[in-house]
Amino acid sequence: MRQLASHSEKGINRNSLPFKLYEKAKKFGTWDPRDIDFSQDKEDWESLTYAQREELMQLISQFYGAEESVTIDILPMISAISKVGYFEEEMYLTTFVFEEAKHADFFSLFLENIGVKGELGHIPIPAWHKLFHQILPETMDRLNHDQSPHALIDAAVTYNMFAEGVMAETGYYYFYECLKSINKMPGLLEGIGNIKRDESRHIGFGTFLIQRLISEDPSLYDYAIEKLNHLMGTIRVEFGEQRKFGAFDPTIDERLTQFGNKQYQARVDVLARAKNRKFEEIYNLSEKEVGVE
Ligand SMILES: [Fe+2]
Ligand SMILES: [Fe+2]
């Protein structure tokens, strides 16, 4: 018979990191895309050059599709975490899926407000398709029949460390660098700011999950790093080769690569810290220690 946390001596661990993430999500994850004023964005959109609009639309369509994909692909993770009996983690994940859905909602609403309709044929990047149509869904789907530590690490590295922690973070950097400097698209930037804060909790959850598994089996550190390095050496390199940005800033491509490298190093450093720590220590980490804003 299963044991419910609420009906056992254990109870809900309110000091655990996943519960603290859940508390933060209740407070900060409730922003509504409908409250954002896009009227200035519509005017700004008309004022951009054709090349600028094309470039921005390429990135926005990537984000919109990615948010839809991750909303779908987080479900096997929730089910796997429920099966292994991590209740505080599952409580947090209930907010995770809501937030991913809201991010897709935000991009849909933004496009509607600036008058872009119809199919988005702006993703001419094969690496994007490989990540969101093949690698991510396959890796997450495996959790439906395999909840082993290796399967959980593969999922958290691909979803949280790589797709969110390296690729999406690099995308936010582009939005800030290219739009903030010319003071345009305030509604888009406001939404991106909210999304970025939600995503810092998502990445924090993945970091925590991998750290907890490493604390139980230190050999999983090398396994996680190898997986991350593989994604960096394939998908990320392909992204860099296939993407041609520069309509706002001719130096942006180079700077995006540097920023992505920094994100990668930050993920590696934080995982390395789990190697000689005990499980209880990891479970009681503060949100800050896993990089949550
Ligand atoms: Fe998201
Ligand atoms: Fe996310």
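Just so it is clear, the structure is predicted and the values come from calculations on it, not from any experiment.

A. Representation of the pattern of salt bridges within the structure. Applying the stated rule across the entire model yields 16 salt bridges. Here K130 and E238 are joined by a salt bridge, their closest N and O atoms 3.2 Å apart. With K130 in helix α6 (residues 126-141) and E238 in helix α9 (residues 219-242), the pair connects residues that are 108 residues apart, well separated along the chain. Accessibility expressed as a relative area gives 33% for K130, which makes it partly exposed. In this structure, E289 engages R277 in a salt bridge whose closest nitrogen and oxygen atoms are separated by 3.5 Å.

B. Looking closely at the coordination of the iron ion (ligand 1). Taken together, E67 (OE), E67 (OE), E100 (OE), H103 (ND1) and E199 (OE) make up the protein donors of the iron ion (ligand 1), found 2.0 to 2.8 Å from the metal. Each donor residue of the iron ion (ligand 1) belongs to the same chain, and together they define the spacing E-x32-E-x2-H-x95-E. The distance between the iron ion (ligand 1) and the iron ion (ligand 2) comes to 3.4 Å, and E100 binds to both of them. One end of the pair, E67, is in helix α3 (residues 50-73); the other, E199, is in helix α8 (residues 186-216), with 132 residues separating them in the sequence. For the pair shown, E67 and E199 are each scored as buried.

C. Structural view of the nonpolar core. Judged by nonpolar contacts, the single largest core of 62 residues is most densely connected at M77, L93, F162 and I210. By residue number, the principal contributor to this core is helix α7 (residues 149-180), which donates eleven residues. Beyond its immediate chain neighbours, meaning those up to four positions away, L93 contacts I74, M77, I78, I81 and F205. In terms of nonpolar packing, the next biggest core, distinct from the first, is built from 33 residues, L56, F63, Y172 and F245 among them.

D. A negative patch on the surface, seen in detail. Residues D32, D35, D37, D105 and E190 make up a contiguous surface patch of negative charge. Along the chain, E190 falls in helix α8. A relative accessible area of 42% places E190 in the partly exposed class.

E. The arrangement of the coordination of the iron ion (ligand 2) in detail. Within the protein, the iron ion (ligand 2) binds to E100 (OE), E164 (OE), E199 (OE), E199 (OE) and H202 (ND1); these donor distances fall in the range 2.0 to 2.5 Å. Every donor residue of the iron ion (ligand 2) comes from the same chain, spaced as E-x63-E-x34-E-x2-H. Owing to a relative accessible area of 4%, E164 belongs among the buried residues under this scheme.

F. Molecular detail of helix α2 (residues 39-47). Buried within α2 we find D41, D44 and W45. The buried residues of α2 occupy one face: seen down the axis, they fall within an arc of 105°.

G. Geometry of the packing of α2 against α8. Two elements in contact, α2 and α8, have axes whose closest approach is 6 Å; the angle formed by their N-to-C orientations is 120°. Judged on the interaxial angle alone, α8 and α2 are oblique. In contact with Q40, D41 and D44 of α2, α8 contributes P186, G187 and L188. Here the contact of α2 with α8 is composed, by residue class, of two nonpolar, two polar and two charged.

H. Examining the side chain of H202 more closely. Relative to the assigned elements, H202 resides in helix α8. Assessed through its relative accessible area of 0%, H202 is described here as buried. Ignoring sequence-local partners within four residues, the contact set of H202 consists of Y92, F96, E99, E100, H103, N160 and E164.

I. Structural view of the layout of surface pockets. Its volume calculated, the largest pocket comes out at about 450 Å³. Taken together, 29 residues line the largest pocket, and the ones lying closest to its centre are Q62, M167, A168, G171 and F239. Broken down by secondary-structure element, the contributors of at least two residues to the lining of the largest pocket are α3, α6, α7, α9 and α10 (252-272). In terms of residue count, the dominant contributor to the lining of the largest pocket is α7 (nine residues). For the lining of the largest pocket, the class distribution of residues is 17 nonpolar, five polar and seven charged. Within this model, the second largest pocket holds a volume of roughly 340 Å³. Taken together, 13 residues line the second largest pocket, and the ones lying closest to its centre are Q3, L4, A5, G85 and F87. Going through the elements one at a time, α4 (75-84) and α5 (87-114) are the ones with two or more residues in the lining of the second largest pocket. A breakdown of the residues in the lining of the second largest pocket according to their chemical character gives five nonpolar, five polar and three charged.

J. Expanded view of unusual backbone geometry. At N183, a position not held by glycine, the phi torsion is positive, near 55°. The exposure class of N183 is exposed, given its relative accessible area of 67%. In this model, M185 sits at a positive phi of 55°, which is unusual for a non-glycine residue. If you trace the backbone, M185 turns up in the loop between α7 and α8. Among the residues examined, M185 registers a relative accessible area of 0% and is labelled buried.

Analysis parameters
- Residues numbered from 1 in each chain as written.
- Chains lettered and ligands numbered in written order.
- Predicted model: local features only at pLDDT ≥ 70, side-chain atom pairs only at ≥ 80, totals over all residues.
- Heavy atoms only, no water.
- Salt bridge = Lys/Arg side-chain N within 4 Å of Asp/Glu carboxyl O.
- Helix = DSSP H or I, 4+ residues; strand = E, 2+ residues; numbered from the N terminus.
- Buried < 20%, exposed > 50% of the residue type's maximum accessible area, 1.4 Å probe, protein only.
- Donors = N, O, S within 2.8 Å, 3.2 Å for Na, K, Ca; no water.
- Core = buried A, V, L, I, M, F, W, Y, C linked by side-chain atoms within 4.5 Å.
- Contact = heavy atoms within 4.5 Å.
- Patch = residues over 30% accessible without salt bridge, like charges linked within 9 Å, V, L, I, M, F, W, Y side chains within 5 Å.
- Areas by Shrake-Rupley, 256 points an atom, 1.4 Å probe, with all protein chains shown as cover.
- Lys, Arg positive; Asp, Glu negative; His and termini not counted.
- Charge placed at Lys NZ, Arg CZ, Asp CG, Glu CD.
- Arc of directions from axis to C-beta.
- Axes fitted to C-alpha atoms, helices over the stretch in contact; angles between N-to-C directions.
- Parallel < 35°, antiparallel > 145°, perpendicular 65-115°, else oblique.
- Nonpolar A, V, L, I, M, F, W, Y, C, P; charged D, E, K, R; others polar.
- 1 Å grid on protein atoms, 1.4 Å probe; cavity = no way out; pocket = protein on both sides within 12 Å on 5 of 7 lines; lining within 4 Å.
- Points joined across faces, edges and corners; volume = space filled by probe spheres on them.

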